[in-house]
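# Coordinate inspection notes
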Amino acid sequence: MRAVVYRGPHQVEVTDVPDARVEQPTDVLVRITTTNICGSDLHMYEGRTSVEEGTVFGHENMGVVEEVGSAVTRIRVGDRVSVPFNIACGTCRNCLQGWTSFCLRTNPAEGMAGAAYGYANMGPYDGGQAEVLRVPYGDVNLLRLPEGTDHENDFTMLSDIFPTGWHGTELARMAEGDDVAVFGAGPVGLMAAHSAMIRGASRVFVVDKEPDRLRLAESIGAVAVDLSAGDPVEQIVDATDGRGTDCGVEAVGYQAHDASGEEHPELVLDNLVAVVRATGGIGVVGVYLPEDPGARDEAARQGRIGFDYGTFFMKGQHMGTGQAPVMRYNRQLRDLVVAGRATPSFIVSHELPLEDAADGYARFDAREDGWTKVLLHPGA
């Protein structure tokens, strides 16, 4: 089958790989209809992780069930499904408590809880930027979708970025009527802003410097804050009459940089500590890693990010972090889409056949104007 394979920094290739197959009785094979290039894929693409050459990328996947293992009882051939990026066993302590993003059984790497498709340090699982994906524990890990092709571009966001954006607002303990600051207007940041609006935020301030992304934030009623026009903290504090926001979401991660392009991994954390009011909450869903070989100093290379913890403590703020447990949210978010309350597809800019993936990666990584979210269709 055809798949997107990592060949080294800034190099991916669409090539033939061994066909996905049922390996365990609980496996399900899904023929992929839509798979997305995620902003977090770019960390690997740029060589900023320990991902191995030859890895098949792709953790944002949906499609139609083609084959099921002998122990699968809930999912049937022909089901249209969304595939959460978390690979969960469904029975360990964390899974039973709803933390499927920190499954204790599916990642064999020592000290690592949680597994995912086609991602560095997240287990030995091929990704879904391919014609077919093997899904372990299929009865646990698949969400059924309405038959047909309606809402394809909305439903494809259910595997990761829509639940992740929603999770950011949950980690921040957002409440109705809150003012919310979202740093980063990439796909996850825009999903966090969309989630906050759906959940009844008074105002959502979205910080970025890319005009196309800021226009998308404004299109859903958020307030665009251009960090290249001045200190974003000052802009938001002025807009809130000096109060700051009630909570905030970090949707940038360890490659945060200032308006000039210089990296400061602590920058967004510092800005959120400054802009969120005393006792307010911060939800961190931008990716941070235990090791960053490309960091500019030794501490950051070891995953040690020195942010303004003293002010964070003195303001009595709280912070939640970590990858989203997709299954905690995806059913409700699916139903919001069906009801017309949520339209996460507003961020989609390009739909490409799988064979054009290398070009899509290059353009998305270069932040070319208008390239805000790239979907790949293996069947095209």
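Residues numbered from 1 in each chain as written. Predicted model: local features only at pLDDT ≥ 70, side-chain atom pairs only at ≥ 80, totals over all residues. Heavy atoms only, no water.

### A short note on the overall build of the chain
In terms of helices and strands, the chain carries 13 helices and 15 strands. In terms of overall dimensions, the chain is globule-like: its C-alpha atoms have a radius of gyration of 20 Å, near the 21 Å expected for 380 residues. Along the first, second and third principal axes, the C-alpha atoms of the chain reach 60 × 45 × 40 Å. With 380 residues in all, the chain has 56% of them scored as buried. Pairs at least 24 residues apart make up 72% of the contacts formed inside the chain by residues separated by at least 6 positions. Of the roughly 15,300 Å² that the chain leaves accessible, carbon and sulfur atoms contribute 48%. Here the chain carries 31 positive and 55 negative side-chain charges, and the mean point of each set is 6 Å from the other. (Helix = DSSP H or I, 4+ residues; strand = E, 2+ residues; numbered from the N terminus. Rg over C-alpha atoms; globule rule 2.2 N^0.38 Å. Buried < 20%, exposed > 50% of the residue type's maximum accessible area, 1.4 Å probe, protein only. Contact = heavy atoms within 4.5 Å. Areas by Shrake-Rupley, 256 points an atom, 1.4 Å probe, with all protein chains shown as cover. Lys, Arg positive; Asp, Glu negative; His and termini not counted. Charge placed at Lys NZ, Arg CZ, Asp CG, Glu CD.)

### A look at the state of the cysteines
In this structure the tally under the stated criterion is zero disulfides. Cysteine C92 is unpaired, with the sulfur of C95 as its nearest cysteine sulfur at 3.6 Å. In this structure C103 is not part of a disulfide, and its nearest cysteine sulfur, from C89, lies 3.7 Å away. (Disulfide = S-S within 2.5 Å.)

### Quick notes on the pairing of strand β11 (residues 245–250)
Buried residues dominate β11, accounting for five of its six residues. Here β11 runs beside strand β12 (residues 276–284); their pairing, made up of five bridges, is parallel. Bridge pairing in β12 places V249 opposite G283. Handedness of the crossover joining β11 and β12 through helix α9 (residues 267–275) is recorded here as right-handed. (Pairing = 2+ DSSP bridges. Right-handed = clockwise from strand over helix to strand, strands pointing away.)

### Considering the sheet that holds strand β9 (residues 203–208)
Taken in spatial order, the six strands line up as β10-β9-β8-β11-β12-β13 in an open sheet, and their pairing is parallel. Unpaired on one side and paired on the other, β10 (223–226) and β13 (318–321) mark the two borders of the sheet. Averaged over all pairs of adjacent strands, the angle between strand axes in this sheet comes to 20 degrees, irrespective of strand direction. Two elements, β12 and β13, share four bridges in a ladder whose sense is parallel. Its bridge partner being in β13, G281 is matched across the sheet by H318. (Axes fitted to C-alpha atoms, helices over the stretch in contact; angles between N-to-C directions.)

### As for a nonpolar patch on the surface
Nonpolar side chains collect at one region of the surface, where Y309, F313 and M314 lie side by side and expose about 410 Å² of accessible area between them. Note that M314 resides in helix α11 (residues 309–314). Accessibility expressed as a relative area gives 68% for M314, which makes it exposed. (Patch = residues over 30% accessible without salt bridge, like charges linked within 9 Å, V, L, I, M, F, W, Y side chains within 5 Å. Salt bridge = Lys/Arg side-chain N within 4 Å of Asp/Glu carboxyl O.)

### So, the packing of aromatic side chains
Within the structure shown, the criterion is met by eight aromatic pairs. Seen in terms of ring centroids, F162 and W166 are 6.4 Å apart; in terms of plane orientation they differ by 80 degrees. Their pairing is edge-to-face. Placement of both F162 and W166 in helix α5 (residues 161–171) is noted, with a separation of four residues, approximately one turn of the helix. For the pair formed by F162 and W166, the shared burial category is buried. An aromatic cluster is built from Y6, Y45, F57 and Y361, whose rings are joined through pairwise contacts. (Phe/Tyr/Trp six-rings, centres within 6.5 Å; stacked < 30°, edge-to-face > 60°.)

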